[in-house]
Each structure stands twice: as structure tokens, then as C-alpha cells.
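Chain residues, written in single-letter form:
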There are 2 protein chains.
Amino acid sequence: MSEASQEGAPSKAHDVAPALSELKTPCALVDAEIVERNTSRMAETASRLGVALRPHLKTHKCIEVGRLQVRGHFGGVTVSTLAEARFFADHGFRDITWAFPLPPGQLDEVFGLADRVDQFQVLLDHEVTRARVEEETARRGRPLSVLLKVDCGYHRAGVDPRDPESLALAQRIVATPGIDFRGVLTHAGHSYDARTPDEIRIVSRQERDEVVAFARRLRQAGIEVPTVSLGSTPTLCVPAEHLEGVTEVRPGNYAFFDLFQVAVGACRREDVAFSVLATVVGHYPEQRKLLINAGALALSKDLGASHVFPDGGFGRVVSVDGGTEYPDWKITSLSQEHGQVIVPKADALSAFPVGSPLRILPNHSCLTAALFDVYHVVRGNEIIDAWRPIRCW
Amino acid sequence: MSEASQEGAPSKAHDVAPALSELKTPCALVDAEIVERNTSRMAETASRLGVALRPHLKTHKCIEVGRLQVRGHFGGVTVSTLAEARFFADHGFRDITWAFPLPPGQLDEVFGLADRVDQFQVLLDHEVTRARVEEETARRGRPLSVLLKVDCGYHRAGVDPRDPESLALAQRIVATPGIDFRGVLTHAGHSYDARTPDEIRIVSRQERDEVVAFARRLRQAGIEVPTVSLGSTPTLCVPAEHLEGVTEVRPGNYAFFDLFQVAVGACRREDVAFSVLATVVGHYPEQRKLLINAGALALSKDLGASHVFPDGGFGRVVSVDGGTEYPDWKITSLSQEHGQVIVPKADALSAFPVGSPLRILPNHSCLTAALFDVYHVVRGNEIIDAWRPIRCW
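Given the structure is predicted, the values throughout are model-derived calculations rather than measurements.

### What about the sheet that holds strand β6 (residues 144–150) of chain A?
Residues and elements named next belong to chain A. The strand order across the open sheet formed by eight strands is β2-β9-β8-β7-β6-β5-β4-β3, and the pairing between neighbours is parallel. Each end of this open sheet is capped by a strand with a single partner; those strands are β2 (52–53) and β3 (77–79). Direction of pairing for strand β7 (residues 179–186) relative to strand β8 (residues 227–230): parallel, over a ladder of three bridges. When the sheet's bridge partners are listed, L185 is paired in β8 with S229.

### Considering the pattern of salt bridges
By the definition in use, this model includes 60 salt bridges over all chains. Among the ionic pairs, R130 of chain B bridges to E127 of chain B, the shortest N-O distance being 2.7 Å. One end of the pair, R130 of chain B, and the other, E127 of chain B, are both in helix α6 (residues 127–140), three residues apart, so they sit about a helical turn from each other. Owing to a relative accessible area of 3%, E127 of chain B belongs among the buried residues under this scheme. Linked by salt bridges that have partners in common, R37, R41, R268, E270 and D271 of chain A make up one network.

### Here we look at the relation of the copies chain B and chain A
Placing chain B over chain A gives an RMSD of 0.0 Å and needs a rotation angle of 180°, together with 0.0 Å of translation along the axis. With respect to symmetry, the two chain copies, as superposed, fit the operation of a two-fold axis. Relative to the rotation axis, the C-alpha of K301 of chain B is the closest in chain B, positioned 2.8 Å from it.

### A word on the domain arrangement of chain A
Residues and elements named next belong to chain A. What the domain assignment lists for chain A is domain 1 (4–30 + 268–387) and domain 2 (33–255). If you average the C-alpha positions of domain 1 and of domain 2, the two centres end up 35 Å apart. Across the contact, 15 residues belong to domain 1 and 20 residues belong to domain 2. Roughly 1,400 Å² of surface becomes buried between domain 1 and domain 2 when both sides are summed, with 50% attributable to carbon and sulfur atoms.

### Some thoughts on the interface of chain B and chain A
Each partner contributes residues to the interface: chain B has 69 residues there, and chain A has 69 residues. For the pair chain B and chain A, the summed buried area comes to about 5,600 Å², and 58% of that belongs to carbon and sulfur atoms. For the interface between chain B and chain A, the tally reads eight salt bridges. The salt bridge partner of K301 of chain B is D302 of chain A, with a shortest N-O separation of 3.2 Å. Linking chain B with chain A are 30 residue pairs in polar contact (both at pLDDT 80 or more), by the criterion used here. Here the side of chain B that touches chain A gets five residues from one element, more than from any other, and that element is strand β10 (residues 274–284) of chain B. Tallied by class, residues from the side of chain B that touches chain A come to 28 nonpolar, 21 polar and 20 charged.

### As for the pairing of strand β5 (residues 119–124) of chain A
Residues and elements named next belong to chain A. Burial analysis of β5 places six of its six residues in the buried class, the great majority of the element. Bridge analysis of strand β4 (residues 95–101) against β5 gives five bridges, and the strand direction is parallel. Within β5, the residue paired with W98 across the bridge is V122. Handedness of the β4-helix α5 (residues 107–116)-β5 crossover: right-handed. Relative to β6, β5 runs parallel, the two sharing four bridges. What sits directly across from Q121, in β6, is S145. Between β5 and its parallel partner β6, the chain crosses via helix α6 (residues 127–140), and the hand of that crossover is right-handed.

### Observations regarding the side chain of S204 of chain A
Residue and element names in this part refer to chain A. Mapped onto the elements of the fold, S204 is located in helix α8 (residues 197–220). Residue classification places S204 among the buried positions, given a relative accessible area of 2%. Within polar-contact distance, the side chain of S204 engages the backbone oxygen of V238 at 2.7 Å.

Definitions and cut-offs
Note that residues are indexed from 1 along each chain, following the sequence as it is written. Here the convention is simple: chains get letters from A, ligands get numbers from 1, in the order in which they are written. Thresholds applied to this predicted model are a pLDDT of at least 70 for local features of residues and 80 or more for the giving and counting of side-chain atom pairs; totals over whole chains, interfaces and linings are not thresholded and use all residues. Water and hydrogen atoms play no part in the side-chain values, which are based on all heavy atoms of the structure. For two strands to pair, DSSP has to find at least two bridges joining them. Only DSSP runs of H or I covering at least 4 residues are called helices, and only runs of E covering at least 2 are called strands; the numbering of each starts at the N terminus. Any Lys or Arg side-chain nitrogen located within 4 Å of an Asp or Glu carboxyl oxygen qualifies as a salt bridge. Classification of residues uses two cut-offs on accessible area relative to the type maximum, computed with a 1.4 Å probe and protein chains only: under 20% is buried, over 50% is exposed, and between them is partly exposed. Each copy is superposed on the other by least squares, with the fit set by C-alpha atoms of residues at a pLDDT of at least 70 in both. Residue ranges assigned to the domains are those given by an automatic or database domain assignment. We call two residues in contact when some of their heavy atoms are within 4.5 Å. Defined here as a combined quantity, buried area equals the accessible surface (1.4 Å probe) lost by two parts on assembly, summed across both. Residues adjacent in sequence count toward polar contacts only when both atoms are side-chain atoms; beyond that, a polar contact is any pair of N or O atoms within 3.5 Å, and within protein one must be able to donate a hydrogen and the other to accept it. Any residue that is not Ala, Val, Leu, Ile, Met, Phe, Trp, Tyr, Cys, Pro, Asp, Glu, Lys or Arg is counted as polar, Gly included; the first ten are nonpolar and the last four charged. We call a crossover right-handed when, viewed with both strands directed away from the observer, the connection leading from the first strand over the helix to the second proceeds clockwise.

Structure follows, in C-alpha cells:
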């Protein structure tokens, strides 16, 4: 248990740039260059496919990344919570889709937001919600922009596009005086079940085919469908050969990416822009173990792509400069503030003396980023900014 | 997919008290009566066992629960982060133990805290950290209060009490001019591996025996050991028959409890004081599924006592008044903001129309509570207060 042999300063190879070394750990790092590259690349993809990009902001929830995502685009965005909607509306975002099934009791806030921006769109897929919207729009004498959520195979939410009742619901929505029907929207979350890019592409085609076919069905019934929206990060990173019939896409995670996206083949390891800086607080050589000050409240307990790597642990250790990976080191256990990292051989511990910093790439950046009040923005090894996300609801 | 048959107001049985119905969901609820009962009961346990109670504050991180935990006691507390330490010091807590292995680079903040309270104790279990404390206390001409962390069988951190090197480290600590050696501390986190109260009690005895034996060994070597500290919620809820030789205990989760503690037999279901209020946003009868607006960012992805209930899901649904449980309803999947609840029969969905509130008891209240900015404090079905936790580091 003695660390006598490992006393002294961290070895040269793991020295931290002066700025990074001043950060208190655990903390969140965002690599500005990678975010810029990721957002530019998605912009090119959308442009090449001839669709509008309405990026999802839920992964980072911060203004600065949102601005990079809409750079050169029409400016519309997607959010997962009303807190995100208010925050981005406060900072000049004027066209927002809340991509979550509308809870009928939250119409007050929805109308408040609709007042403040040029367009605020909500989702519904239930008659009971449509009826509430009808009542409330009538009572207030104000319209609401609505998209019909379609299930393209993920089976989390949305109407079954093959069910005649789905067409009937669309007809009732269109016939509702207070509703401005904007179109149809789907999300192929089952792209996360893929194991390879080829498997993603099958889902990408399905996502397109299902929503486009449903839009066609509505049009055949005389319904105007201005928007045909789809998107997940995997299905836009490995897109279908064409997106004919689709008007917009809504990927989000691609701004940061994470190990899940790497595992399914949606990106490369070097595309992961978000990491957690932690400090080694213990060596337990008889257990071949490093103890770090990043636990469940710094990394989240998301198991990541466990269908690809059943025993992958809670993230991946990289050197503080991001240049060296330790793929055979495994974060086996997270308690609230402790992370336990098992290494193949006890002598590997000497690379990270007690007190040394290291970085962890997260399994799921959406959940990990949400645990931090601030992102330290890094260019190379220099800290150039601090970005502050919104949280809660 | 149509909800026509379920339109209209929630059924009478699930009406919300006026105050609860005004809460935006998802949100955190804390039952004041249960917290008072839980904290009183632990106070009685400590008193009966003749040990000081130094409660851990990490589960709730809010001043009000901390005050309930120290009511009638000497006032010392335990924290897991420096952010907690600063927050509680700001609010009158004067005796704080930071129960986390000291990261050598955080001594500036530690000395800052030591200046502001009567006693601020840190933990160490490594020679390299002791040496850094020696340097820093000498350089600053100021002492630091230190506890030696002992591994009683959990194997997360701490020195092996049977290793002669552990005694040698204690001797070096005691001989360090700047260190005020306060004693030994252990945490039987492996009590969470138990499946029954009887299994917990075996760990409770081990926790006591290991730390008391190590204290004896130090005393035999001429070292004064004022503090012999142990504690986890399970080992204090199902304690050893006596705690002779122990001076203080540090449970924390017991203020809120959670489904994990219920599963291992540390408490009853009705002792769980923390829950998440959510709203039903969708019915998918063909999947026997409710969709709720509480996902991974409202519940955490902690799997709970999966060694007892391998397939227990991400929490348990109860009625909004807390009175009715749905033990055979299962929260099978959490995405960022969506929770999917599978019910045994589709007609069970009618108990919770779209728009209805329900409560979720969390698997692990420490991780779930940390996701909220405010706890709405409930007495019966009335909201009586709002408590605000500190977060991050």
C-alpha cells in the first residue's frame, strides 16, 4: 500500500499544460477544434443530402455549441426540455422545436414560449393531448404549431404509420381550429442498437422510408405536410444514400460524440470532443487498481454500448493531453465520487502517480455533460473559454 | 394508438392535491415526516450503541436535512466533496470530515476550509499524500487534522489493516510535524452486496472488528487514536450487537433511503423519503407501455440492487399520494428525458390517463437527488417548503 516508490512529481510524459493544471477536478473539458470539425461536417452532410439542419441541443445545452451547430443554416433548433427552450430563446434562437411528447399540463409555458420566438413547435401523438390543445387554443384565442410524432421502428413514442387510426388522428389535428399543422417527425433511436455502420445504414433507410411513406399517405388524404423531419446522430453519420422526401434532420450528439457513437461506428475516437478531467487519488497495486476522483456524479452510470462491448466499463482513460489511450484499462466501478480503474499489470500504475491528472472519455456524453455547471473549453492544451449549460426542466 | 377512450380529466383516485398539481414535472419530492422519522431513528441507534453520530450529508446536500441529521448531537458532519464542505461551513456547520482520499493538489482549498471551521479533517492512505501534506504544512506553518483510511473489506480505498506497512504509515503520519493525527476511519461499502439483514449484520461486525483491531494495533505501538470511525447506512440500520471500541458512526443515505436499501433489508418501503414526480405523456397499449417525462436525467441510470433483483428496472411507480404501489410495473428503459414503463396488462394503463401525475421511488437516492436544483418538501399532500442542494465540486 505504500507509495514510497512513487513519490514526487508526475512523470514528464504526463505533465499538464499550466492552464489545465489549474483546474479543480473533476471537471468537464470540451475540445473546441473537435466541436468545430464535428459541426462543420454535419453541416456538409445536411447540405449534400439537400435537407435543412435543425440541430438538437440537448447533448451540450450551451449557447456556444448551439451557435456552432446553426452556423450557416436557417437557425432552427431542437430541444428536449422547456428549460432548454427558454435558455436558447433568451439568447436569440428564434425557431425552436420541442421534440418531446407534449405533457398536456404544460401548455401555459408552451404558449409563453410561442410568444417569444418566431416559431415554437410541439409534438403530439395522442388524441387526448390534441383535445387539450383544442380546448386551450380556443380558450386563449391563439394557435399552436404542432408536429405529429411518428414511430419509424424505435417504438419509444409516436403513432404507428401503418395504423389507419394514425391517419385519422392527423385528420383530426388538421381539422382542429387552433392547430397549425406543421408536418411529421420521427427519430430512429434504434440506430443505437446497431453494431456496425452497415447496420446503422439499414436503420437510416427505414427512418427515411417510414416517415416519407407516412407523409405521402397524409398528402394522398389531402393533408398538407410542410415538414418531414427525422434524425439521430448515427443515422446522419451513416445516412441513407438519399433523403428524398425529407425536409429536415435533427441530430444532436454529434457535436460532442462519445464512446457509444464510436462503438456503433458513427464516428472515430478522435471525434469525441467531451471528456472529464480527473485526478488519481490512490494506487492499490495488489488490486491492479487506480482510484480516481470521478465517480457516478462525474461520469454517469450509463453503461454505453454494452451490446457491442458487454463489459466495457464506465468510460475510457486517456492521457491528459488526449494523445495516449489506455484501451485495456477498465473503469469497473463507480460510487458517488470514487472511480475504480483496473489496469492489466500493477506496474502500469507508475504512469499515473497519485496526484496526476488523466482524462476520461464518456460512454454517453448527453448524460455526462449534464452533470457539470461549466465546460472548460480547450484548444490544444490551452483553456480558451468557459461555457455554461442550462440544466433541469 | 388513439386515446379517445381515455380523454378527459384524470380519474378521481389519482387527483393531485392542489399544491402538488402546480408543480412542473419532473421534480423532486421529499417527505418531511419520513425524513424526521429516519433521522430520529438513526439518532436513537447511535445513542443506544454509545457512539457519536457524524452524519454523512452527501445524499441530500441540503442544509435543512443536515440540520435534522445533527439535531441533538455534537454537530459534526461528513461530506463527500469540497463544494459540500464550503456550503455547510457557510451555513454554520463547524466540524466537518471530508471522507474522500485527499487529492494532493487540493490542499489550498483544504487549508481555506480549515480556517473557517473549528475542525476540518481529511483522509489519507498513501505515503505520497502524507509527504505532500508534510511539505505544505511546513511551508505554510499550519497543521492539518488527518484520519487514516482503513480498508475493512470493501476494497475501494484504505490501507490493509493487517499489512505491517499500514502501521508504518501511521507511524510516519504521527511523526509528521504538521499533522494532527485524529485517528482511523473505515466504510463498509460491501454492506451493499448483502441480500438480507443477516448478511448485512455479518458485514457490520466485520467493519467494527477490523477498524477496532487496527486501532488497538496502533495503540500497542504507542500511537494515540482519539477517533475510531465507521459507517454505512446498511451497517447502522442492521448494526452489530455492540460497537465497543468505536467512537463515531457516519451513515448518510438513511435520511432519504431508496429502493436499494429496501432490497438489502436496511429499511422498509415506507421509509423512502425521496421520490420523483412525473407526468404520463403517452399510452402505447399494444406495447403495454406508459411513457413518462422522467428519463435518465431525472432518475439516473443506477440499476440499484441488481444482485437481489437482476431485472428490477430503474425505480418503482407509486401513486401520486404515495399510497398505492405498482410493484409489477417496470421502468424498463430510460433515455435522456423519456421513461418507459411496462405494465402487466394494457388495461392497467387506464389508472393513469395521459397527463396524470405519478411518483417514482429511486433505486439510488444519492444519484437521483443530485439531478435536481430543488426539493419540494411535502407533508401529507401539501407542499411546505423548498430545499436547495449544492452540487458539483
